[in-house]
Amino acid sequence: MTATVLNADTAVETVPSYVRDAWWTPEPSADLLTNSARVRDASTGELLAMVSTEGLDLAAVVEHGRSVGQRELGALTFHQRALKLKELAQYLNDRRAQLYEVSARSGATTGDSQVDIDGGIGVLFTFGSKGRRELPNSQVVVDGPVETLSKDGSFIGEHIYTRIPGVAVQINAFNFPVWGMLEKLAPAFLAGVPTIVKPATPTGYVAAAAVRLMVESQILPAGSLQLISGSARNLLDELDYRDLVAFTGSAATAKTLKAHPNVAIGGVRFTSETDSLNAAILGPDAVAGTPEFEAFIKSVVTEMTVKAGQKCTSIRRVLVPKELCTEVSEAIGARIAQRVVLGDPRAEGVTMGALASLEQLADVRSAVEIMLAAGGELAYGSLDAPAVTRADGTVAPAPGGAFMSPVLLRWANPEASELHALEAFGPVASVVGYSDLADAVRLAALGSGSLVASVCTNDPSVAQQLVSGIAAHHGRVLILNREDARSSTGHGSPVPHLVHGGPGRAGGGEELGGIRSVFHHMQRTAVQGSPNMLTAITGVWHTGADQHFDDVHPFRKPLSALRIGDAFKSGLRQVTLADITAFAESTGDTFYAHTNAEAAAANPFFPGIVAHGYLMLSWAAGLFVEPAPGPVLANYGLDNLRFLTPLAAGDSFRVTLTAKQITPRETDEYGEVRWDAVLHNQHDEVVASYDVLTLVAKDWAAS
Ligand code: NAP
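Please read all numbers here as calculations on a predicted model, not as lab measurements.

**What about the overall build of the protein?**
A tally of helices and strands in the protein yields 21 helices and 30 strands. The buried share among the 703 residues of the protein stands at 55%. Excluding contacts between residues fewer than 6 apart, the proportion of contacts in the protein whose partners are at least 24 apart in sequence is 74%. Roughly 28900 Å² of accessible area belongs to the protein as shown, and the carbon and sulfur atoms make up 52% of that amount. Within the protein, one finds 54 positive and 75 negative side-chain charges whose respective centroids are separated by 2 Å.

Below, the structure is given as structure tokens:
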């Protein structure tokens, strides 16, 4: 990253882009001086950098992702990609302090940077781990059960996921330059889709600093990550149905992008996370003095002040029982006065920093002015320029800094449209009273679809009524009470395991939510064919496909020798009444179907006394086991167990075991093998079916 000195007045770096596996900055020119954006330190107003894409060949950037990025990521399995995410998380984690330093220039306190930077790294860790635990070590995912489409089972169908063949363009908002980038990169990367990230101009230099570390790490394959620093108004012109756009930002920009012909007509996949008037609802039981009241006040103040309220998930509408409006407003004000120290994040003791830019400050102030004109009353704070703690420790106004004191509004008219429609994207919240629970639900829904709501109550029936009323208007609902107040991750923090997004005004999109978000980058396709063909395509053995019975028991084969379809078939074993009785006595499972002939016969499912299902399973293990030490290291469970035909005294059964799926681990000397197990009786009817899960060594030398 080299500085491009443009002239003596603007001797600042241009934030570079990282495209086609190289750093790129615009050529110095008069046009560049005119067309570039300037970004400033949020606390001091000092000019930090220029930002421009003047002369950047966007078509070549997209083509690089589609060709080199697709090829390089396509050479890796899900597990190999997941491991790279983990390595990347570790690399960034060791260098967090460098990013905190850069992030402080955007007005972020250390706490804010932890949300952004550590939060982003946490997403990488989560997907690094989930990718290896929940996806196969291959490139195709089977979705759902097999459908039998012919009587003889020779024609079957199922759904598979394969990655989309284009690029994932990720357009981010200014407030979380690192988290916003990593929470979108992780699932795209895991799916095998190259990322082109376009951070918002005001804080893109923080994202660029993180990308610099990622490039330095040499962990990511060529073409898998490109960064566009600066405006990219024509980027969507280069996309088609193979590509995906994941947008985070304002509803107005989302509307423009959705209307782009390549999205509206051309089939570019488009998902958006936009602004949101999130509510927090205080239950009628949570009066002053209860732990819930305390947790509620704490949560509102946290959401107003973390990132100076510049969070899409911040609490904007504080819905409380009418009679508690004054008490709640006063308690919020008192906590702000007690806890919040506004100032330059680099100064000792500061708990809330500046907004990201003077433009942002002007936007938020103007939104508050509109709200005041519409009936909101100031319950705490003011729009006057606040005195702040400056970097040198002095307390005084900072004219170049984008500082704003937290502002709490109170509304006598709970119906005012500005209250439910205008997002002041800063440290601003509104208190409004509701008359009963149905009213609280109605008011929450006036947000026209939100990312998240909190319900604060210790009464399960209040929680049930509120949550069932508001859930469909929200992407996430947090229920806060005395039991989880300390352990909760909080109202404003999306977690990678659960979905982030919301209906309606919140954009209608869905991100995160674990492996779901990986599938957003993949195409679901119905595939139909014979069991042998679907086995070859998916790498998972299907009933009816070839089985290989050879002289070597499959339990004697390490992963290096075992093949899908390797199978073992036992002989028949007969069950006697004495066996069933002995099993009942030794286990204590004397359920009448195994012990009382008359009662068992009266049961609609049984002919009389039948064998315990678990007796059959235990015996099946005895029938297929290969007892000597060998490559099979452990049996760690069963999946999909079904008992289908009862076995009466005198009946016999046999077991067939077939290697169904082999998942070698990237970092261990063993892997998982899933075996298809089917028990048949002497009439060849299926008695039980299930998957046996084992750990098997990659190599094994018989001693
Ligand atoms: P914004 O003005 O809508 O910008 C968002 C992103 O879109 C920026 O990267 C911007 O680039 C880019 N952009 C704007 N017009 C574009 C176009 N025609 N073509 C391509 N890209 C374009 O929003 P913001 O001011 O950065 O962020 C604040 C808003 O985001 C708030 O309303 C907040 O609620 C919302 N937000 C939502 C979430 C969520 O998860 N739901 C999270 C964070 C923020 P430039 O900066 O280069 O113009």
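**What to know about the domain arrangement of the protein**
Often, the extent of an interface is quoted as the loss of accessible area upon association of its parts. Splitting the protein by domain gives domain 1 (56-273), domain 2 (278-492) and domain 3 (547-697). Relative placement of domain 1 and domain 2: their C-alpha centres are 31 Å apart. Around 1200 Å² of area is buried between domain 1 and domain 2 when both sides are counted, 63% of it from carbon and sulfur atoms. The interface formed by domain 1 and domain 2 contains 0 salt bridges. Here domain 1 is connected to domain 2 by 3 residue pairs in polar contact (both at pLDDT 80 or more).

**A look at the site of the ligand**
N172, T201, S250, T253 and E423 are the nearest of the 27 residues found near the ligand. Interatomic distance of 3.5 Å between a backbone N/O atom of A200 and an oxygen atom of the ligand. Within the backbone of E273, one N or O atom sits 3.5 Å away from a nitrogen atom of the ligand. Protein burial of the ligand: of its 910 Å² of free accessible surface, 87% is covered by the chains. The pocket occupied by the ligand, as judged from atoms lying within 2 Å of grid points, is the second largest pocket.

**Considerations on the packing of aromatic side chains**
On inspection of all chains with the given rule, the structure shows 8 aromatic pairs. A connected cluster of aromatic rings, assembled from ring pairs, spans F555, F624 and W675.

**Thoughts on the packing of helix α10 (residues 291-305) against helix α11 (residues 325-339)**
Relative to each other, α10 and α11 sit at 55°, their axes nearing to 10 Å. As the angle between them shows, α10 and α11 are arranged oblique. Crossing angle aside, the handedness with which α10 passes α11 is right-handed. When α10 is examined against α11, the residues F293, F296, I297, K298, V300, V301 and M304 are found in contact with a partner set consisting of E327, V328, A331, I332, R335 and I336. Classifying every residue of the contact of α10 with α11 by side-chain character gives 10 nonpolar, no polar and 3 charged.

**Overview of the sheet that holds strand β21 (residues 474-480)**
The strand order β15-β18-β19-β14-β13-β20-β21 describes an open sheet built from 7 strands, whose pairing is mixed. Only two strands of the sheet have a single neighbouring strand rather than two, namely β15 (376-380) and β21. Neighbouring strand axes in the sheet, compared pairwise and without regard to direction, differ in orientation by 25° on average. Sheet analysis places strand β18 (residues 407-411) next to strand β19 (residues 428-434), joined by 5 bridges and oriented parallel. Looking at the pairing, V407 lines up with V428 of β19.

**Considerations on the sheet that holds strand β1 (residues 13-14)**
Taken in spatial order, the 3 strands make up an open sheet running β1-β5-β4, and their pairing is mixed. Edge positions in the sheet fall to β1 and β4 (37-40), since each has one partner strand and no second.

**Description of the layout of surface pockets**
Rolling a probe over the atoms, with the probe sized like a water molecule, indicates the empty space that remains. What the second largest pocket holds in volume is close to 1200 Å³. In this structure, the second largest pocket is lined by 46 residues; those nearest its centre are F174, A200, T201, P202 and T253. Looking at the lining of the second largest pocket, its residues break down into 20 nonpolar, 15 polar and 11 charged. Two domains each put at least three residues into the lining of the second largest pocket: domain 1 (56-273) and domain 2 (278-492).

**Some details on the packing of helix α14 (residues 437-445) against helix α15 (residues 460-470)**
Where α14 contacts α15, the two axes come as close as 9 Å, and the packing angle between them is 30°. Taken together, α14 and α15 sit at an angle that is classed as roughly parallel. Both α14 and α15 take part in a crossing whose hand is right-handed. The segment α14 lies against α15, with L437, A440, V441 and A444 engaging V462, Q465, L466, G469 and I470. Taken together, the residues of the contact of α14 with α15 sort by class into 7 nonpolar, 2 polar and no charged.

**Re helix α5 (residues 110-134)**
Here α5 is 25 residues long and its end C-alpha atoms lie 34 Å apart, about the 36 Å a rise of 1.5 Å per residue gives. Along α5, the helix axis deviates most sharply at G119, where the bend reaches about 25°.

**Some details on the environment of V364**
Mapped onto the elements, V364 comes out in helix α12 (residues 358-373). Residues V364 and A59 lie 305 residues apart in sequence; the distance between their C-alpha atoms is 36 Å. Setting aside residues up to four positions removed in sequence, V364 forms contacts with L355, M404, A424, F425, G426 and V428.

**Quick notes on unusual backbone geometry**
Most of the time, phi is negative for any residue but glycine, and the peptide bond is trans. A positive phi is found at R20, a non-glycine position, where the angle reads about 50°. With respect to the helices and strands, R20 occurs in the loop between β2 (17-19) and β3 (22-24). Exposure remark for R20: the relative accessible area of 47% places this residue in the partly exposed category. A positive phi angle is found at D684, which is not glycine, with a value near 65°.

**Observations concerning the side chain of R654**
For R654, the position within the fold is in strand β28 (residues 652-664). For R654, a relative accessible area of 15% puts it in the buried group. Engagement of the side chain of R654 in a polar contact is seen with the side chain of D684, the distance being 2.6 Å. Setting aside chain neighbours within four positions, we find R654 in contact with K569, S570, G571, L572, L623, V678, L679, H680 and D684.

**So, the nonpolar core**
Formed by 64 residues in total, the largest nonpolar core has its most connected members in L282, F296, V318, V328, I332 and M404. Here this core gets 7 residues from one element, more than from any other, and that element is α10. Here V318 is in contact with A280, F296, V300, V328, I332, A429, S430, V431 and V432, once residues within four sequence places are set aside. Counting residues in each nonpolar core, the second largest holds 59 residues, with V15, L124, M181 and V518 among its members.

**Focus on helix α21 (residues 613-624)**
Helix length check: α21, at 12 residues, gives a terminal C-alpha distance of 17 Å against a target of 16 Å (1.5 Å per residue), a fit within 8%. Among the residues making up α21, those that are buried are G613, L615, M616, L617, W619, A620, L623 and F624.

**Focus: empty space enclosed by the protein**
Taken as a whole and judged by the stated rule, the model has 3 cavities of 30 Å³ or more. Of the volumes computed, that of the largest cavity is approximately 90 Å³. As for the largest cavity, its lining consists of 13 residues, and the residues nearest its centre are N175, F176, W179, G180 and T248. With 4 residues, the top contributor of residues to the lining of the largest cavity is helix α6 (residues 179-191). The residue makeup of the lining of the largest cavity, split by class, is 4 nonpolar, 5 polar and 4 charged. Of the pockets and cavities examined, the second largest cavity occupies roughly 70 Å³. Lining the second largest cavity we find 13 residues, and of these S106, K307, Q310, A354 and A356 sit closest to its centre. Looking at side-chain class alone, the lining of the second largest cavity contains 5 nonpolar, 6 polar and 2 charged residues.

Here is what the cut-offs are and how they apply
Residues numbered from 1 in each chain as written. Predicted model: local features only at pLDDT ≥ 70, side-chain atom pairs only at ≥ 80, totals over all residues. Heavy atoms only, no water. Helix = DSSP H or I, 4+ residues; strand = E, 2+ residues; numbered from the N terminus. Buried < 20%, exposed > 50% of the residue type's maximum accessible area, 1.4 Å probe, protein only. Contact = heavy atoms within 4.5 Å. Areas by Shrake-Rupley, 256 points an atom, 1.4 Å probe, with all protein chains shown as cover. Lys, Arg positive; Asp, Glu negative; His and termini not counted. Charge placed at Lys NZ, Arg CZ, Asp CG, Glu CD. Domains from an automatic or database assignment. Buried area = accessible area lost by both parts, 1.4 Å probe. Salt bridge = Lys/Arg side-chain N within 4 Å of Asp/Glu carboxyl O. Polar contact = N/O pair within 3.5 Å; in protein donor to acceptor, adjacent residues only side chain to side chain. Near = heavy atom within 4 Å. 1 Å grid on protein atoms, 1.4 Å probe; cavity = no way out; pocket = protein on both sides within 12 Å on 5 of 7 lines; lining within 4 Å. Sits in = over half its atoms within 2 Å of the grid points. Phe/Tyr/Trp six-rings, centres within 6.5 Å; stacked < 30°, edge-to-face > 60°. Axes fitted to C-alpha atoms, helices over the stretch in contact; angles between N-to-C directions. Parallel < 35°, antiparallel > 145°, perpendicular 65-115°, else oblique. Left-handed = near helix turned anticlockwise from the far one by under 90°. Nonpolar A, V, L, I, M, F, W, Y, C, P; charged D, E, K, R; others polar. Pairing = 2+ DSSP bridges. Points joined across faces, edges and corners; volume = space filled by probe spheres on them. Expected span 1.5 Å × (residues − 1). Bend = angle between axes of the 7 residues up to and from the residue. Core = buried A, V, L, I, M, F, W, Y, C linked by side-chain atoms within 4.5 Å.

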